[in-house]
Amino acid sequence: MAMNTGGRLVAGSHNRKEFVLINADEIGSIKSVQELSGQTCKICGDEVEITLDGELFVACNECAFPVCRPCYEYERKEGNQSCPQCKTRYKRIKGSPRVEGDEDEDNVDDLEHEFDYGDIDDSGFTHSAGVINSAYRGSAGSASTSRHHHSSSQGLEFPLLTYGDEDAENAYNENAIIVPPYASHGNGIHQPNSGTATPLHPRPMVPEKDIALYGYGSVAWKDRMEEWKRRQDENLQVVRHQGSSDGGDFDGSEIDSDLPTMDEGRQPLSRKLPIASSKINPYRLIIVLRLVVLGLFLHYRILNPVPDAQGLWMTSVICEIWFAVSWILDQFPKWYPIERETYLDRLSLRYEKEGKPSELADIDVFVSTVDPMKEPPLITANTVLSILAVDYPVDKVSCYVSDDGAAMLTFEALSETSEFARKWVPFSKKFNIEPRAPEWYFCQKMDYLKNKVHPAFVRERRAIKREYEEFKVRINRLVAMAEKVPEEGWTMQDGTPWPGNNVRDHPGMIQVFLGHDGVRDIEGNELPRLVYVSREKRPGFEHHKKAGAMNSLIRVSAVLSNAPYLLNVDCDHYINNSKAMREAMCFMMDPTSGKKICYVQFPQRFDGIDRHDRYSNRNVVFFDINMKGLDGLQGPIYVGTGCVFRRQALYGFDAPAKKKRPSKTCNCWPNWCCLLCNSRKKNKKDKKKSKHREASKQIHALETIEEGIEGEMSTIGQPLISQEKLEKKFGQSPVFVNSTLVQNGGAPMSVSSTSRLQEAIHVISCGYEDKTEWGKEVGWIYGSVTEDILTGFKMHCHGWRSVYCMPARPAFKGSAPINLSDRLHQVLRWALGSVEIFLSKHCPIWYGYGGGLNWLERLSYINSVVYPWTSIPLIVYCTLPAICLLTGKFIVPEISNYAGIIFMALFISIAATGILEMQWGKVGIDDWWRNEQFWVIGGVSAHFFSLIQGLLKVLAGVSTNFTVTSKGADDGEFSELYIFKWTSLLIMPTTLLIINVIGVVVGVADAVNNGYESWGPLFGRLFFAIWVIVHLYPFLKGLSGKQQRVPTVIVIWSVLLASILTLVWVRINPFVSRDGPILEICGLDCDN
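Residues numbered from 1 in each chain as written. Predicted model: local features only at pLDDT ≥ 70, side-chain atom pairs only at ≥ 80, totals over all residues. Heavy atoms only, no water.

**A look at the overall build of the chain**
The number of helices and strands found in the chain is 34 helices and 16 strands. Taking the intrachain contacts of the chain between residues at least 6 apart in sequence as the baseline, contacts between residues at least 24 apart amount to 78%. Surface summary for the chain: the accessible area is close to 51,800 Å², and the carbon and sulfur share equals 56%. (Helix = DSSP H or I, 4+ residues; strand = E, 2+ residues; numbered from the N terminus. Contact = heavy atoms within 4.5 Å. Areas by Shrake-Rupley, 256 points an atom, 1.4 Å probe, with all protein chains shown as cover.)

This is how it looks when you write it as structure tokens:
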């Protein structure tokens, strides 16, 4: 439709929402804005302005790539400060503020604007006179200043940018100009000059060059640019009318809220935050120095044996060499620690456009449980409720609960949970509460009225709390009933026997509680899908414990919903941050770096742990130091819960291959020279730098990539595979096999709901995985009770990388076993899994070479499977102090000045390393010290027994079952902390503690007996023994329990050991001098 201009000039910017109407009578010749400048900015699509000197603005003097001044200023302030085409660093132009990295040049000194940062707004544009197009000044007629002020004082009505229709209310004889905020001064209206100016002619640097040739080398640049501008306009809101007929000034601030969407929606969704150089450089220096000192220490120890204690000396040196290797494996993967930051607002701007359906990706959430008596149904229910109430589009969330124990208690509890969710979910979202697990929300000690302004909040909170208490009573009733199982087994409501009465022999079960038609919340809104799954189990089949259950969930979810991303949580890990899924999507859906990410791992945080954290349950050192270090390499390891996966990565596909950059040639050297230069391989460091440089480009200059990525995602590059090979890899289910080929997810619409459920039952049958690659190359990998480490390791070997996300509010929180026995059993399970991996073909020492695994990442994986073997030298080393005190010998010869300096340097370097790690990892000294203590406690107990069990299982075929850790306690705060449960894991640390205490007593008594000369050598032995006792002190506190008394079994064991050591001591005869009895010549002559 033609636009009626009334004979006036129409000028403006499509992207910036500028609109100008100027009276035609006052203009001798009408020129378009593009004609005035001659070139268009290839980043934002706007015109390249004319400078105050009357020349075309040129940002890059090397290639003259057309860029307007606002984009030039933004790139220098927020971007990589280089030209998008030739990658040459932008030089400072007169009138531009100085930024970091500018060189001092005599010809560009501009003291007036050098530090003019105050006029740069959030979007990166500069409020300078040079930004305002001179086209407005040169094309304006003789408009009087007084008339302009009169119109502004009356409150102007600005015409709306309607793309085809003119604002009929605009008077014919008035000037109406809308300018962006960066060009607004005073009252926000730019006044045309009173005089006429000669129209400026285009002055391109290379007149004969076609503009279409500019860009990133793409011949389709023009078409992409038009498509990009069209898509960007969808992100912008139409410029609103401001002002009123009765007056009021317009200052342009009302437009500010609209224009930034053009930039924010195109920015990266996350960024890396390297550790400050003031913290990380001294840390690396100390590591190098410690390595040098450690070499000197071992050199001294090896070349200076102890003649009278050769056995003790050799044993101690072997142990110290092992500790040195173990330290290297643990230390160097922390060489490149980083942190990350996400931008949730940019995620919404990009994928949740106003008035359109959300484009956020679907997510399937997996919750696994086994025994409802050890994993209380109430805790599982809270986890499910927090998932259903998450801040994410409800039609894109599906929750699958795996009941690997086929317990009717879990089924009935989930049914009650689905009913209560119809009330809890709308309440959580309406008042935006945190956390959205009701048990933890109602018990948190804080002012729940803070920041709540809704008048109905208190009333509805009381009502929902009463509903939750009634819900808890119903769950507790179910638990009480389940304690007494009828002889004939459980029956369902219709009288049908419960299919899972026989836990080891039952069919597969699937029940969709929420997400089907007709089931909505009490306000009539849709709810996320909630599905109960219990896979089939039959005698004679290997079911692979948790890993097998998770693989069943992968197949069921692929048939029913097939989301491209998966989140797995343990039944006791609820969502503490309702935006956790959005945090993960900031990495997964980032168009520049998301394609190669296989999973986003969140740290584990725990509730119900005492303030002192006696047994290091929080594991802060691992999650806040080690994992940050791995994130700077190829990514953190998978820890079993709180992790968002890419489904295609779990299917065993390789990561997308990195595209090779086109080779650069020049015309100043012969061809043979260029070929010779190109044939040289670049080192890995240069490749990494180029990778970071490309990834850090501002998205507002890379929107051409956006379309290309969207096209690539649908064909992510997996080679075509025949149907026969696909079925051999994924199993005999055509529906599931076809779902694996859908890169962006989505269940097939052509299959009916009944057929889907039938197919879902098929894929969880116990024989489905036979003769397939499930558990070998696909899904969770079998072969270890710690399937998490093995699964993440396989993904990294396929070239994928992972990301560590630590939002300010913890994403997930769980329950931790806080008493000593349960904690040691948990550590035993982890260590046993590492031993199994070490003795398997997937051991990172020899597996995965030639793939995409970073060598420092490999060191980390080697450390994760080798650490249980450290228990042997650790036990021996903790025994040496007692032996030295009882025998009077020592592992070190008489210390010289040189040896003293080396020993002091080693201790100082160890302390300095710990202090600097605590500094950049933001870890308290209490957490660091508890971690050191429990490393010794776990090493001499759980790790040692895991070696025995692992060797028996692998070499002798004797299977051992780990105990499921008990979740939660109801007998008061920290009541479980004082529970004492005797287990064989306590024998070794108890023995070491007793013999070192006895050794100290014996050593002191021996020194008293032999005089003051014996105290000097005693101090070294005492320090050694006290080091062991101090590290085992939390273990001693755990033995004493709440009543502060030692259990009878410990007393008996102590008496037995004391008796044995007493006999040894008597055999040594310490009351006699080491050199035999002292005989003096009598002064009397007895013969006479």
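**A closer look at a nonpolar patch on the surface**
Nonpolar side chains collect at one region of the surface, where Val288, Val292, Leu296 and Tyr898 lie side by side and expose about 350 Å² of accessible area between them. Sort the elements by how many residues they give to the nonpolar patch and helix H7 (residues 277-303) lands first, with three residues. Following the sequence through the fold, Val292 ends up in helix H7. (Patch = residues over 30% accessible without salt bridge, like charges linked within 9 Å, V, L, I, M, F, W, Y side chains within 5 Å. Salt bridge = Lys/Arg side-chain N within 4 Å of Asp/Glu carboxyl O.)

**Structural notes on the packing of aromatic side chains**
Applying the stated criterion to the full structure yields 46 aromatic pairs. With 5.6 Å between their ring centres and 70 degrees between their planes, Phe57 and Tyr72 make a pair best called edge-to-face. With Phe57 in the loop between helix H1 (33-37) and helix H2 (69-78) and Tyr72 in helix H2, the pair connects residues that are 15 residues apart, well separated along the chain. Judged by its relative accessible area of 4%, Phe57 falls in the buried class. Aromatic ring contacts, followed pair by pair, group Phe420, Trp424, Phe427, Phe431, Tyr441, Phe442, Phe457, Tyr468 and Phe471 into a single cluster. The ring of Tyr343 has Arg346 lying over it, and the distance from NZ or CZ to the ring centre is 3.9 Å. (Phe/Tyr/Trp six-rings, centres within 6.5 Å; stacked < 30°, edge-to-face > 60°. Buried < 20%, exposed > 50% of the residue type's maximum accessible area, 1.4 Å probe, protein only. Lys NZ or Arg CZ within 6 Å of the ring centre and 35° of its normal.)

**Description of the packing of helix H8 (residues 310-331) against helix H27 (residues 871-887)**
Two elements in contact, H8 and H27, have axes whose closest approach is 10 Å; the angle formed by their N-to-C orientations is 145 degrees. For the pair H8 and H27, the sense of crossing is left-handed. Residues Leu312, Thr315, Ser316, Cys319, Glu320, Trp322 and Phe323 of H8 form the contact with H27, whose participating residues are Pro873, Leu874, Val876, Tyr877, Leu880, Ile883 and Cys884. Of the residues assigned to the contact of H8 with H27, the class counts are 11 nonpolar, two polar and one charged. (Axes fitted to C-alpha atoms, helices over the stretch in contact; angles between N-to-C directions. Left-handed = near helix turned anticlockwise from the far one by under 90°. Nonpolar A, V, L, I, M, F, W, Y, C, P; charged D, E, K, R; others polar.)

**A few points about the sheet that holds strand E15 (residues 801-804)**
Note on sheets: strands pair through backbone hydrogen bonds, and any given pair is parallel or antiparallel. Read across the sheet, eight strands follow the order E8-E9-E7-E6-E10-E14-E12-E15 without closing on themselves; strand pairing throughout is mixed. With partners counted over all chains shown, the strands left at the sheet margins are strand E8 (509-514) and E15, one partner each. Each strand axis lies, on average, 20 degrees off the axis of its neighbour in the sheet, ignoring direction. Bridge count between E8 and strand E9 (residues 529-534): five bridges; the pairing is antiparallel. Paired with Leu514 across the strands is Leu530, a residue of E9. Helix H24 (residues 787-797) contacts strand E12 (597-601), strand E14 (643-646) and E15 of the sheet and is inclined by roughly 145 degrees relative to E12. (Pairing = 2+ DSSP bridges.)

**Here's the deal with helix H15 (residues 580-588)**
Three- or four-residue spacings in an α-helix give side chains the same orientation, since the helix completes a turn every 3.6 residues. Among the nine residues of H15, nine are classified as buried, and the element is accordingly described as predominantly covered. Those residues of H15 not exposed but buried are Ala580, Met581, Arg582, Glu583, Ala584, Met585, Cys586, Phe587 and Met588.

**Quick look at the pattern of salt bridges**
For the structure on display, the rule yields 32 salt bridges. The salt bridge involving Glu460 is made with Lys430; its shortest N-O contact spans 2.8 Å. Remark: Lys430 occurs in helix H11 (residues 408-431) and Glu460 occurs in helix H13 (residues 457-482); sequence separation between them is 30 residues. Because the salt bridges share partners, they merge into one network encompassing Glu352, Asp391, Lys579 and Arg582.

**Topic: the pairing of strand E7 (residues 397-403)**
Among the seven residues of E7, seven are classified as buried, and the element is accordingly described as predominantly covered. With burial as the criterion, each face of E7 is covered, one bearing Val397, Cys399, Val401 and Asp403 and the other bearing Ser398, Tyr400 and Ser402. Relative to E7, strand E6 (residues 363-369) runs parallel, the two sharing seven bridges. Bridging across to E7, Asp364 finds its partner in Ser398. Handedness of the E6-helix H10 (residues 377-388)-E7 crossover: right-handed. Judged from the five bridges that link them, E7 and E9 form a sheet pairing that is parallel. Note on E9: the bridge partner recorded for Ser402 is Val533. (Right-handed = clockwise from strand over helix to strand, strands pointing away.)

**Quick word on the sheet that holds strand E11 (residues 574-575)**
What the three strands build is an open sheet, ordered E11-E16-E13; its pairing is mixed. Every interior strand has two partners, whereas the edge strands, E11 and strand E13 (605-607), have only one. Inspection of the sheet shows E13 paired to strand E16 (residues 812-815) by three bridges, in the parallel sense. Paired with Phe606 across the strands is Gly814, a residue of E16.

**Let's talk about the pairing of strand E10 (residues 565-570)**
E10 sits mainly inside the fold: six of its six residues count as buried. Alternating residues of E10 divide into Tyr565, Leu567 and Val569 and Leu566, Asn568 and Asp570, and every residue in both groups is buried. As judged from the six bridges shared by E6 and E10, these two strands associate in the parallel manner. Residue pairing for E10: Ser368 is matched across the bridge by Asp570. Note that E10 and E14 share four bridges and pair antiparallel. Within the sheet, the bridge partner assigned to Asn568 lies in E14 and is Cys643.

**With respect to the nonpolar core**
Grouped together as the largest cluster of nonpolar side chains are 102 residues, with contacts concentrated most on Val556, Phe645, Phe736 and Ile891. Counting residues per element, this core draws most heavily on H7, which supplies nine residues. Not counting residues within four places of it along the chain, the set of residues in contact with Ile891 comprises Arg301, Val306, Leu312, Trp313, Ser316, Tyr877, Leu880, Cys884 and Phe1024. In terms of nonpolar packing, the next biggest core, distinct from the first, is built from 70 residues, Ala406, Leu414, Met588 and Phe812 among them. (Core = buried A, V, L, I, M, F, W, Y, C linked by side-chain atoms within 4.5 Å.)

**Describing the confidence of the model for the chain**
Per-chain confidence: the chain averages 75 in pLDDT, with 68% of residues scoring 70 or above. Across residues 236-262 the pLDDT falls below 50, and counting only partners more than four positions away or on other chains, this stretch makes 61 contacts in the model. Predicted confidence for residues 687-718 stays below pLDDT 50, and this span has 63 contacts to residues more than four positions away or in other chains. (pLDDT = per-residue confidence, 0-100.)

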